[in-house]
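Given next are the chains, with one letter for each unit.
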Amino acid sequence: MPKTPVTFTLNGAETGIFVDPGLNLLEALRREAGDLSPKFGCGQGTCGACTILINGEPHLSCLTLAVAAQDADISTTGGLAPGADLHPLQQAFADGFAAQCGFCTSGMLMAAKALLDRNPRPTRDEVVEAISGNLCRCTGYDPIVDAILDAAARVQGRVTA
Amino acid sequence: MTEVQTIEQLGAAAQAQGHVLGGGTLLMRQVNYTPHQVPNILRITDPAFRQITRAGRQISIGAGVSMAQIIASSDLDFLAPAARAIGGPAIRSMATVGGNLFAPHPYGDFAVALLALGAQVQWADGRTEDIEAFLASRETSKGVVAAVLIEPPQMDALRFGKVTRTKPKGVSVMSIAVLITGVGRSVQQARVAFGAMGPAPMRSKAAEHALAGATLDATGVAAACAACVSDLAPVNDALASAWYRREVAPIHLRRLLLGEN
Ligand SMILES: Cc1cc2nc3c(=O)[nH]c(=O)nc-3n(C[C@H](O)[C@H](O)[C@H](O)COP(=O)(O)OP(=O)(O)OC[C@H]3O[C@@H](n4cnc5c(N)ncnc54)[C@H](O)[C@@H]3O)c2cc1C
Ligand code: FES
Ligand code: FES
């Protein structure tokens, strides 16, 4: 079966790839576009490790048909810190030990980015809700929630404990 | 390998054969793990599939409208609690109204709210069908659902509740939606719908009958709560046994009716 061309913007860069029609976007990004930052955990929507932003909204790339991403604006963790400095979320995760094995971190960061882009001063409950589709088997979640609140405070110029 | 057919007009989709792709939150699991079960995907690109439109009192919700769109729509604030109960934010950006109508047990929380509202299901070939009839035959029905048609209820007339075992989010032990018409605390008519209590979302006509003319207080709703179980056909699953579901259904219905949640 012939492959289908798909073009989209990936972290600001025009990107074109060829995919099998039934391929999911996670595999397409990793194998064809060379962006290894979204992770494969389950391939069925339960873990959130593959979370990316499509047109600013969080999506599970493992459940997105790659050909449906034509003309989409895609952001992944790979584009969070284009320069030498970490993104405030990445810095807060590192400082707050919010990543242990790190497997969930990419998806957590993108779920958190989707929240802070829309709601720069979230409450703790709003943060918990924002990452409710993302599983972490190491941290017990509290350090992740703290790190997201810390990142929000840093961006706002507020001081945290 | 799965083939993908792009359908640019809903009318043309009515003739096409294959699995309709909504948000893909259920269908793509199959594509990823058992692609031979999904030889052909129909991808509908008609913008009407993803639109919410209003004509007089009737609101048409395109089958491709996502839960996030429902939450964002000022015309559909009465459906926002049901949409918010589905998955996490990423699932809600993707999961569609059409897909929820077909979602198997224990899913289908949004369809429960549509059942209580008495929605009409509009097929791409122009037919409309009452949602109750649609849900009863959905396993064997073929075709593309284009939209659901509803009339907004009176303020606060639709109540929705979902019972889960994990917080903040989990799949349903059961979901319940109740539409009440009446004045103050006296009920004229009620539609009572349950999810995860049978093969598809279902009404409890015994509870509806007992609620007609009742007062919304502990004594007034007792008969309806006791009666609801007779219409339900829960199954055992990893979340709860059928016995447990039957035991707690009256309690959760009472909490919803009396606003105790
Ligand atoms: C992690 C996770 C959590 C979830 N939590 C919930 C929850 O809390 N509550 C809940 O109700 N569901 C839940 N679901 C299930 C699912 O996300 C929802 O039921 C969703 O609404 C299904 O819609 P979809 O658009 O993604 O369906 P799809 O996967 O696109 O389609 C599902 C089925 O419906 C058919 N279909 C879709 N649209 C049409 C149409 N217009 N016409 C004809 N056939 C159509 C498809 O061919 C397929 O057979 C969850 C799923 C996951 C992965
Ligand atoms: S890999 Fe996508 S949700 Fe787990
Ligand atoms: S840090 Fe290991 S799964 Fe979250």
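Cut-offs and rules
Residues numbered from 1 in each chain as written. Chains lettered and ligands numbered in written order. Predicted model: local features only at pLDDT ≥ 70, side-chain atom pairs only at ≥ 80, totals over all residues. Heavy atoms only, no water. Pairing = 2+ DSSP bridges. Helix = DSSP H or I, 4+ residues; strand = E, 2+ residues; numbered from the N terminus. Axes fitted to C-alpha atoms, helices over the stretch in contact; angles between N-to-C directions. Contact = heavy atoms within 4.5 Å. Phe/Tyr/Trp six-rings, centres within 6.5 Å; stacked < 30°, edge-to-face > 60°. Buried < 20%, exposed > 50% of the residue type's maximum accessible area, 1.4 Å probe, protein only. Domains from an automatic or database assignment. Buried area = accessible area lost by both parts, 1.4 Å probe. Salt bridge = Lys/Arg side-chain N within 4 Å of Asp/Glu carboxyl O. Polar contact = N/O pair within 3.5 Å; in protein donor to acceptor, adjacent residues only side chain to side chain. Core = buried A, V, L, I, M, F, W, Y, C linked by side-chain atoms within 4.5 Å. Nonpolar A, V, L, I, M, F, W, Y, C, P; charged D, E, K, R; others polar.

(A) Layout of the sheet that holds strand 1 (residues 4–10) of chain A. All names here are of chain A. Judged by pairing direction, the sheet is mixed, and its five strands sit side by side in the order 2-1-5-3-4 without closing on themselves. A strand with exactly one partner marks an edge of an open sheet, and here the two such strands are strand 2 (13–19) and strand 4 (57–60). Neighbouring strand axes in the sheet, compared pairwise and without regard to direction, differ in orientation by 40° on average. The strands touched by helix 1 (residues 25–32) are strand 1, strand 2, strand 3 (51–54) and strand 5 (73–75); relative to strand 2, the strand with the most contacts, the crossing angle is about 105°.

(B) Molecular detail of the sheet that holds strand 4 (residues 52–55) of chain B. All names here are of chain B. In spatial order, the strands read 4-5-8-6-7; together these five strands make up an open sheet with antiparallel pairing. Two strands close off the open sheet at either side, each with one partner strand: strand 4 and strand 7 (128–130). Averaged over neighbouring strand pairs, the angle between their axes works out to 25° when direction is ignored.

(C) Highlighting the packing of aromatic side chains. Residue and element names in this part refer to chain B. Enumeration over the complete set of coordinates arrives at two aromatic pairs over all chains. Summarising the aromatic geometry, the rings of Phe102 and Phe134 are spaced 5.3 Å apart at their centres and angled 85° between planes, so their arrangement reads as edge-to-face. Remark: Phe134 occurs in helix 8 (residues 131–136) and Phe102 occurs in helix 6 (residues 97–102); sequence separation between them is 32 residues. By relative accessible area, which is 0% here, Phe134 ends up buried.

(D) Region of the structure containing the domain arrangement of chain A. All names here are of chain A. Each assigned domain of chain A is listed with its residue range as follows: domain 1 (4–79) and domain 2 (88–160). Each partner contributes residues to the interface: domain 1 has 17 residues there, and domain 2 has 13 residues. When the area that domain 1 buries against domain 2 is broken down by residue, the three leading residues are Thr51, Leu53 and Thr77, summing to 42%. For the pair domain 1 and domain 2, the interface holds zero salt bridges. Our enumeration of links across domain 1 and domain 2 arrives at five residue pairs in polar contact (both at pLDDT 80 or more). When residues of the side of domain 1 that touches domain 2 are assigned to their parent elements, the largest contribution, three residues, is made by strand 3.

(E) Spotlight on the nonpolar core. Residues and elements named next belong to chain B. Counting residues in each nonpolar core, the largest one holds 81 residues, and the members touching the most others are Ile61, Leu79, Phe110, Leu114 and Ile150. Examining the composition of this core, we find that eight residues originate from one element, helix 7 (residues 109–117), more than from any other. Residues within four places of Leu114 in sequence aside, it is in contact with Leu79, Val97, Leu101, Ala119, Ile131, Val148 and Ile150. Formed by 27 residues, the second largest nonpolar core is a distinct cluster that contains Ile176, Met197, Val221 and Cys228.

(F) Looking closely at the domain arrangement of chain B. All names here are of chain B. Under the domain assignment, chain B is made up of domain 1 (3–150) and domain 2 (158–258). Taken over C-alpha atoms, the centre of domain 1 sits 24 Å from the centre of domain 2. Taken together, the 23 residues of domain 1 in the interface contact 27 residues of domain 2. A buried area of about 1,900 Å², summed over both sides, lies between domain 1 and domain 2, and 63% of it is on carbon and sulfur atoms. Considering only the surface of domain 1 that becomes buried against domain 2, His105, Val112 and Ala116 emerge as the three largest contributors, covering 31% of it. In this structure, the connection of domain 1 to domain 2 is made through three salt bridges. Ionic pairing is found between Lys162 and Asp109, a salt bridge with its closest N-O pair at 3.0 Å. Every element with two or more residues in the side of domain 1 that touches domain 2 is listed here: helix 4 (80–84), helix 7 and helix 8. A per-element tally of the side of domain 1 that touches domain 2 places helix 7 first, with seven residues. Taken together, the residues of the side of domain 1 that touches domain 2 break down into 14 nonpolar, four polar and five charged.

(G) View of the interface of chain A and chain B. Each side of the interface is counted separately: chain A has 25 residues, and chain B has 25 residues. For the pair chain A and chain B, the summed buried surface comes to about 2,000 Å²; carbon and sulfur atoms form 65% of the total. If you sort the residues of chain A by the area they bury against chain B, A:Met1, A:Leu63 and A:Leu65 come out on top, with a joint share of 26%. Seen at the junction of chain A and chain B, the total is two salt bridges. Salt-bridge contacts for B:Arg92 lead to A:Glu129; the nearest nitrogen and oxygen are separated by 2.5 Å. Counting the contacts that link chain A with chain B gives eight residue pairs in polar contact (both at pLDDT 80 or more). Mapped by element, the contributors of at least two residues to the side of chain A that touches chain B are strand 4 and helix 4 (124–130) of chain A.

(H) A look at the pairing of strand 3 of chain A. All names here are of chain A. With burial as the criterion, each face of strand 3 is covered, one bearing Thr51 and Leu53 and the other bearing Ile52 and Ile54. Linking strand 3 back to strand 4 in an antiparallel pair, the connection comprises two residues, with Asn55 at a positive phi of about 50°. Sheet analysis places strand 3 next to strand 5, joined by two bridges and oriented antiparallel. Within the sheet, the bridge partner assigned to Ile54 lies in strand 5 and is Ile74.

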